[in-house]
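# Notes for the structure review
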Amino acid sequence: MRCDILIQGGTVYDGTGAPGIQADVAITQGHLTAIGPSLGLSAHRVIDARGLVVAPGFIDIKTHSDFTLPINPKAESKLRQGVTTEIIGHCGFSVAPCLPDKVKLLADYLNPSAPWLPFREMGFGEYLDSFPATSVNAGMLVGHNTLRLMAMGMAQRAPTEAEMAHMLALLQEGLQAGALGLSSGLFTSPGAYAQADEMLQLARLVEQHHGAYFTHLRDESNGVMAALQEAIDIARACRIHVQVVHFKCSGVDNWGQTARALEQLQVARDAGMDIDCDAYPYTAGSNPLKNILPQWVQAGGVDAMLERLADPATRERIRHEVERDGLNNWGRIASWDDVRISITPHQPQHAGKTIAGLAQERGMDPVDTLCDYLRADRGATRVLITSISEDDVRELIRSPAALIGSDGNCVSHEGVVSQGMPHPRFYGTFPRVLGRYVHREQVTTLAHAIFKMTGATARALRLRDRGLLRVGMCADVTIFEPDVFLDLSTYQDPHRYPAGQRTTVLVNGVVVIDHAQHTGALPGRVLRRSADGSVGFTEPAKNL
Ligand SMILES: [Zn+2]
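Summarised in this report is the structure supplied together with it. Not measured: the values here are computed from a predicted model. (Residues numbered from 1 in each chain as written. Predicted model: local features only at pLDDT ≥ 70, side-chain atom pairs only at ≥ 80, totals over all residues. Heavy atoms only, no water.)

## As for the overall build of the protein
Summing up its helical and strand segments, the protein has 16 helices and 22 strands in all. Compactness check: the protein gives a C-alpha radius of gyration of 22 Å against a globular reference of 24 Å for 544 residues, within 12% of the reference. If one aligns the C-alpha atoms of the protein with their principal axes, the spans along those axes are about 75 × 50 × 45 Å. Counting across all 544 residues of the protein, residues that qualify as buried make up 64%. Counting only contacts in the protein whose residues sit at least 6 apart along the sequence, the fraction spanning at least 24 positions is 75%. By element, 50% of the accessible surface of the protein is carried by carbon and sulfur atoms, the whole surface being about 18,800 Å². Each charge class in the protein was averaged separately, 50 positive and 59 negative side chains, and the resulting centres sit 2 Å apart. (Helix = DSSP H or I, 4+ residues; strand = E, 2+ residues; numbered from the N terminus. Rg over C-alpha atoms; globule rule 2.2 N^0.38 Å. Buried < 20%, exposed > 50% of the residue type's maximum accessible area, 1.4 Å probe, protein only. Contact = heavy atoms within 4.5 Å. Areas by Shrake-Rupley, 256 points an atom, 1.4 Å probe, with all protein chains shown as cover. Lys, Arg positive; Asp, Glu negative; His and termini not counted. Charge placed at Lys NZ, Arg CZ, Asp CG, Glu CD.)

## Observations regarding the packing of aromatic side chains
Inspection of every chain in the model, using the stated rule, returns 8 aromatic pairs. Ring centres 5.8 Å apart and planes at 70 degrees place the aromatic pair F93 and Y109 in the edge-to-face group. Linking F93 in the loop between strand 7 (83-88) and helix 2 (103-109) with Y109 in helix 2, this pair joins segments that are 16 residues apart in sequence. Pairwise contacts between aromatic rings join F58, F430, F480 and F485 into one cluster. (Phe/Tyr/Trp six-rings, centres within 6.5 Å; stacked < 30°, edge-to-face > 60°.)

## Comments concerning the pairing of strand 2 (residues 21-28)
Pairing of strand 1 (residues 2-12) with strand 2 involves 6 bridges; the strand directions are antiparallel. Each residue of the ladder has a partner; that of I5, found in strand 2, is I27. Pairing between strand 2 and strand 3 (residues 31-36): 5 bridges, direction antiparallel. Bridge pairing in strand 3 places V25 opposite I35. Here strand 2 folds back onto strand 3 in antiparallel fashion, the turn holding 2 residues, of which Q29 has a positive phi close to 50 degrees. (Pairing = 2+ DSSP bridges.)

## Remarks on the pairing of strand 11 (residues 241-244)
Alternating positions in strand 11 separate into two faces, H241 and Q243 on one and V242 and V244 on the other, with burial throughout. Summarising the sheet, strand 10 (residues 212-216) and strand 11 pair through 4 bridges and their orientation is parallel. Considered in strand 11, the bridge of A212 is made with H241. In the classification by handedness, the crossover that spans strand 10, the intervening helix 7 (residues 224-238) and the parallel strand 11 is right-handed. Crossover connection from strand 11 via helix 8 (residues 258-270) to parallel strand 12 (residues 275-279): handedness right-handed. (Right-handed = clockwise from strand over helix to strand, strands pointing away.)

## Here we look at the coordination of the zinc ion
Of the protein atoms, only C91 (SG), H216 (ND1) and H246 (NE2) coordinate the zinc ion, at distances of 2.0 to 2.1 Å. Spacing between the donor residues of the zinc ion along their common chain follows C-x124-H-x29-H. With a gap of 125 residues between them, C91 in the loop between strand 7 and helix 2 and H216 in strand 10 connect regions that are remote in the sequence. Per residue, the accessibility class of C91 equals that of H216, and both read buried. (Donors = N, O, S within 2.8 Å, 3.2 Å for Na, K, Ca; no water.)

## Looking at the sheet that holds strand 15 (residues 382-386)
Think of a sheet as strands paired side by side through backbone hydrogen bonds, with each pair either parallel or antiparallel. The 3 strands are arranged 13-15-14 in an open sheet whose pairing can be described as antiparallel. Two strands close off the open sheet at either side, each with one partner strand: strand 13 (284-288) and strand 14 (339-343). Here the strands of the sheet are splayed against their neighbours by 30 degrees on average, with no regard to which way each runs. Relative to strand 15, strand 14 is paired through 4 bridges, and the arrangement is antiparallel. Paired with V339 across the strands is I385, a residue of strand 15. (Axes fitted to C-alpha atoms, helices over the stretch in contact; angles between N-to-C directions.)

Have a look at this one:
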């Protein structure tokens, strides 16, 4: 028998958490067709994997690559990390549905995240159908903030009955078209205006369609435990999978709370609730600069905010509130040195500078500096915020309840997406966990870390034929050299691919990264939720 590709002599980790075994892996027509020691098959291509780890392709459960994939379909920064599937549309932000009279509103709203993306009128079904060919697989979520913008703009109140019905109708259209579920961004307007009841109504519709709920918690800093409970309450009420995305206990006052939060999550899991969290292995997060200001500053949309920021009395109030409560959703930081300009479309010369540094340069107060900056950048600035404790990061890497998700976009060395200073997690998340926390520091085992990137993730997402190296599964495979696979991207020099010249990555049986070089292939597919609740790009088998 002749197969298309034979991966020979590697140590195979199947993604279940089981230890690695010496085996060959055969691939034919995009699927895994045989796995076992010394298969002795002939093949069109043999990949020599001696000394290498062979794992299922990593599933990045938490990304915003919907903002970059359409203009960067090769997704280099993800593929080079071994990522073969991305889940997009998180934190309440999705680029669809977009109603004809709301195009500018949505474009303005998402500008700090997607400054280079064209927006147009689009239903969710059309969004999925017209998604361009890409190198990675992608599964899409419907964003709650986007639903709210469509149904009621930036209104700071509960929806009327008609508005609620409108949101439900748009969500239903998305779920029927194949969206994996609903995402929420309860930390920022307008998602933050939703009370628990609104989210419950939406989650019940998700339940009817066997979908899942992915939530950026209402508060990741001083109110993180109550916010986590709100997510657990949804899992209890709706019996759907709930994913607490990019979990963190942000702000110096909340350091050390992660163990307690994970315990709370484990109690819910032990009681039968289907709930996980995910995390990135860094002590800094990233956000639009405007989102770290008190929520009242952002009311009414970007233009209203920019006008407000010119007023000295407003600035005084911001100064006072930030001193008292810390940054919105991020908590207290040690100093303004911990807020670093990352991507700044209108003032690119300042990327990499901190607010403290800029303030010093200008001989101004940091809050005035920040307000001036936002006005000059028309609200579009993104920043990095160092606010998480290293011990808490380790706790998350150890925990079986925490999956690995980058919260990063796919970007590249070249083209429009190579601009600015993005968070290093865009380039480094997965090799950082494997190279730094597993190989160097042995925070957890290699088999467990791979499980948290593959099998556990596929189970959470109900991917029916991905996430494990098993015969019959789609051939998403990541091959890397465990001694050298390591993130090289840093805050100062983020646009760097990971170390590892032998890294080879296959998506749907096609080699996309060949010895650390992108082949240009675009074999990724849009993954959709089927009526039985499972997720893939082909129809589920009848016996599922
Ligand atoms: Zn988020």
